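These are the residues of each chain, in order.
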Amino acid sequence: MTPPANPPPPELADETALAQALAAIAPNGVRTGCRLIREGDEAHLLPDEAHSIPARQPAMRRASGAARWIARLLLADIGVTDFALLRTPSGAPAWPGGITGSLAHDDDMAIAAVAEIGRIRSLGIDVEPALPLPDDIFALVASPGDRTETVDRHLAGRILFAAKEAVYKAAYPLDRKVLGYEDITVDLNTGRATTTTGHSAGLVYCIAPRVVVLAFVDGDAR
Ligand SMILES: CC(C)(COP(=O)(O)OP(=O)(O)OC[C@H]1O[C@@H](n2cnc3c(N)ncnc32)[C@H](O)[C@@H]1OP(=O)(O)O)[C@@H](O)C(=O)NCCC(=O)NCCS
């Protein structure tokens with residue numbers, strides 16, 4: 001009898017589970033990916049990318065390298081190869097013409113999403129551990145108009161936080177306006193968010209094995 005295959009190490013099982021969860025929530029036309037951040041991932045930064053990233057801490061460079069490794073795979077899927085994804089002085093990455101995308105990382109996992117600009121005008125993404133948000137941070141993040149009643153109440157604050165960060169990353173490239181948490185109102189019941197700068201975004205999220213929120217600003221239907 002063939003012995004059962006060894007299960008993957010738990011961390012790699014997380015990577016597979018998250019990749020599946022992201023694929024399940026992504027709107028049509030949005031490609032997503034994730035990578036468990038590994039020792040040496042800073043080596044995935046192309047030379048120009050490495051110069052564009054001011055962070056000196058090895059963990060941050062590793063996370064940025066892992067995120068760009070995924071982004072390059074996603075870009076290759078839509079026919080863009082060997083693209084150096086530079087960090088602009090604002091922090092926003094400079095995507096190739098006609099493409100929108102977003103990167104995020106927590107301590108262990110890097111994620112990326114990309115789409116051709118068309119039905120979707122701009123993307124933002126955030127990843128967080130699936131743990132309750134500390135009360136003091138919740139007090140900073142929540143605004144009176146936010147709605148979270150339909151969401152797992154232990155994780156509602158965490159999802160709200162990730163949603164505001166994702167919306168900010170989607171909105172910023174459109175007008176370069178810096179927003180605070182109070183400038184973004186999130187309705188997790190309907191999956192929509194608005195900003196005081198006039199943007200409206202759709203939201204999708206998953207909570208296992210990590211909290212990820214993907215925000216998308218709709219573009220012209222083609
Ligand atoms: C964008 C921001 C929210 C990212 O948060 P973070 O927790 O530091 O980091 P994350 O792992 O979630 O995301 C990092 C990625 O965000 C992207 N990013 C950074 N600034 C960005 C911006 N202005 N617009 C879009 N994407 C941005 C970068 O790709 C970055 O990856 P890199 O460092 O590998 O290049 C934060 O850097 C920032 O600019 N904050 C100022 C405004 C703010 O905090 N407002 C309250 C939230 S609404």
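Higher on the page you've got the structure.
Being a predicted model, the structure only gives us computed values, none of them experimental.

*Asks:* Would you mind showing me how to read the overall build of the protein here?
*Replies:* Each helix and strand in the protein was counted, giving five helices and eight strands. The secondary structure elements of the protein, listed N-terminal to C-terminal, are α-β-α-α-β-β-β-α-α-β-β-β-β. Here the C-alpha radius of gyration of the protein, 17 Å, is about what a compact globule of 222 residues would show, namely 17 Å. Principal-axis analysis of the C-alpha atoms gives the protein an extent of 55 × 45 × 40 Å. The 222 residues of the protein split such that 46% are buried. The contacts in the protein between residues at least 6 apart in sequence include a share of 57% that link residues at least 24 apart. Just so you have it, the protein exposes about 11,300 Å², and 55% of that area is on carbon and sulfur atoms. In the protein, 21 side chains carry a positive charge and 28 a negative one; their mean positions are 4 Å apart.

*Asks:* Teacher, can you tell me more about unusual backbone geometry here?
*Replies:* Excluding glycine, most residues fall at negative phi; most peptide bonds, likewise, are trans. Along the chain, Ala 208 connects to Pro 209 via a cis peptide bond; the corresponding omega equals 0°. For Pro 209, the position within the fold is in the loop between β7 (200-206) and β8 (210-218). Positive phi outside glycine occurs at Asp 82, with the angle close to 55°. Tracing the backbone through its elements, the reader meets Asp 82 in the loop between α3 (58-77) and β2 (99-105).

*Asks:* How do you make sense of the nonpolar core when you look at a structure like this?
*Replies:* As a rule of thumb, soluble globular proteins bury nonpolar side chains together. Ile 159, Val 186, Leu 188, Leu 203, Val 213 and Ala 215 are the most contacted members of the largest nonpolar core, which has 25 residues in total. Of all the secondary-structure elements, those providing two or more residues to this core are α5 (156-175), β5 (184-187), β7 and β8. With 10 residues, the top contributor of residues to this core is α5. Setting aside chain neighbours within four positions, we find Val 186 in contact with Gly 145, Asp 146, Arg 147, Leu 160, Ala 163, Lys 164, Arg 192, Ala 193 and Leu 203. Grouped together as the second largest cluster of nonpolar side chains are 21 residues, Leu 36, Ala 115, Leu 123 and Leu 214 included.

*Asks:* Which parts of the structure should I look at to understand the sheet that holds β5?
*Replies:* Strands belonging to one sheet form pairs held by backbone hydrogen bonds; the direction of such a pair is parallel or antiparallel. Taking strand neighbours across the sheet as the criterion, the five strands line up as β4-β8-β7-β6-β5 in an open arrangement whose pairing is antiparallel. Every interior strand has two partners, whereas the edge strands, β4 (120-129) and β5, have only one. This sheet shows a mean twist of 25° between the axes of neighbouring strands, independent of strand direction. Along the sheet, helix α1 (residues 10-25) makes contact with β7 and β8, crossing β7 at roughly 140°. Most of the contacts of α5 go to β4, to which it runs at about 145°, and overall it touches β4, β5, β6 (192-195), β7 and β8.

*Asks:* Help me understand the layout of surface pockets in this model?
*Replies:* To find leftover empty space, a probe the size of one water molecule is rolled over the atoms. Estimated volume of the largest pocket: approximately 850 Å³. Along the wall of the largest pocket there are 37 residues; nearest its centre are Arg 87, Gly 91, Pro 93, Leu 103 and Lys 169. In terms of residue count, β2 provides more of the lining of the largest pocket than any other element does, seven residues in total. Here the residues of the lining of the largest pocket are counted per class, giving 20 nonpolar, eight polar and nine charged. In this structure, the second largest pocket occupies an estimated 220 Å³ of space. Forming the boundary of the second largest pocket are 13 residues, of which Lys 164, Glu 165, Tyr 168, Lys 169 and Tyr 181 lie nearest the centre. Elements represented by at least two residues in the lining of the second largest pocket include exactly β4 and α5. The element best represented in the lining of the second largest pocket is α5, accounting for five residues. In terms of residue class, the lining of the second largest pocket is built from six nonpolar, two polar and five charged.

*Asks:* Explain the sheet that holds strand β3 (residues 109-116) to me, please; I cannot follow it from the model alone.
*Replies:* Within the open sheet, the three strands sit side by side as β1-β3-β2. Their pairing is antiparallel. Each of the sheet's edge strands pairs with one partner strand only, and the pair in question is β1 (31-36) and β2. Direction aside, the axes of adjacent strands within the sheet are offset by 10° on average. As judged from the seven bridges shared by β2 and β3, these two strands associate in the antiparallel manner. Its bridge partner being in β3, Thr 100 is matched across the sheet by Ala 115.

Cut-offs and rules
- Residues numbered from 1 in each chain as written.
- Predicted model: local features only at pLDDT ≥ 70, side-chain atom pairs only at ≥ 80, totals over all residues.
- Heavy atoms only, no water.
- Helix = DSSP H or I, 4+ residues; strand = E, 2+ residues; numbered from the N terminus.
- Rg over C-alpha atoms; globule rule 2.2 N^0.38 Å.
- Buried < 20%, exposed > 50% of the residue type's maximum accessible area, 1.4 Å probe, protein only.
- Contact = heavy atoms within 4.5 Å.
- Areas by Shrake-Rupley, 256 points an atom, 1.4 Å probe, with all protein chains shown as cover.
- Lys, Arg positive; Asp, Glu negative; His and termini not counted.
- Charge placed at Lys NZ, Arg CZ, Asp CG, Glu CD.
- Core = buried A, V, L, I, M, F, W, Y, C linked by side-chain atoms within 4.5 Å.
- Pairing = 2+ DSSP bridges.
- Axes fitted to C-alpha atoms, helices over the stretch in contact; angles between N-to-C directions.
- 1 Å grid on protein atoms, 1.4 Å probe; cavity = no way out; pocket = protein on both sides within 12 Å on 5 of 7 lines; lining within 4 Å.
- Points joined across faces, edges and corners; volume = space filled by probe spheres on them.
- Nonpolar A, V, L, I, M, F, W, Y, C, P; charged D, E, K, R; others polar.

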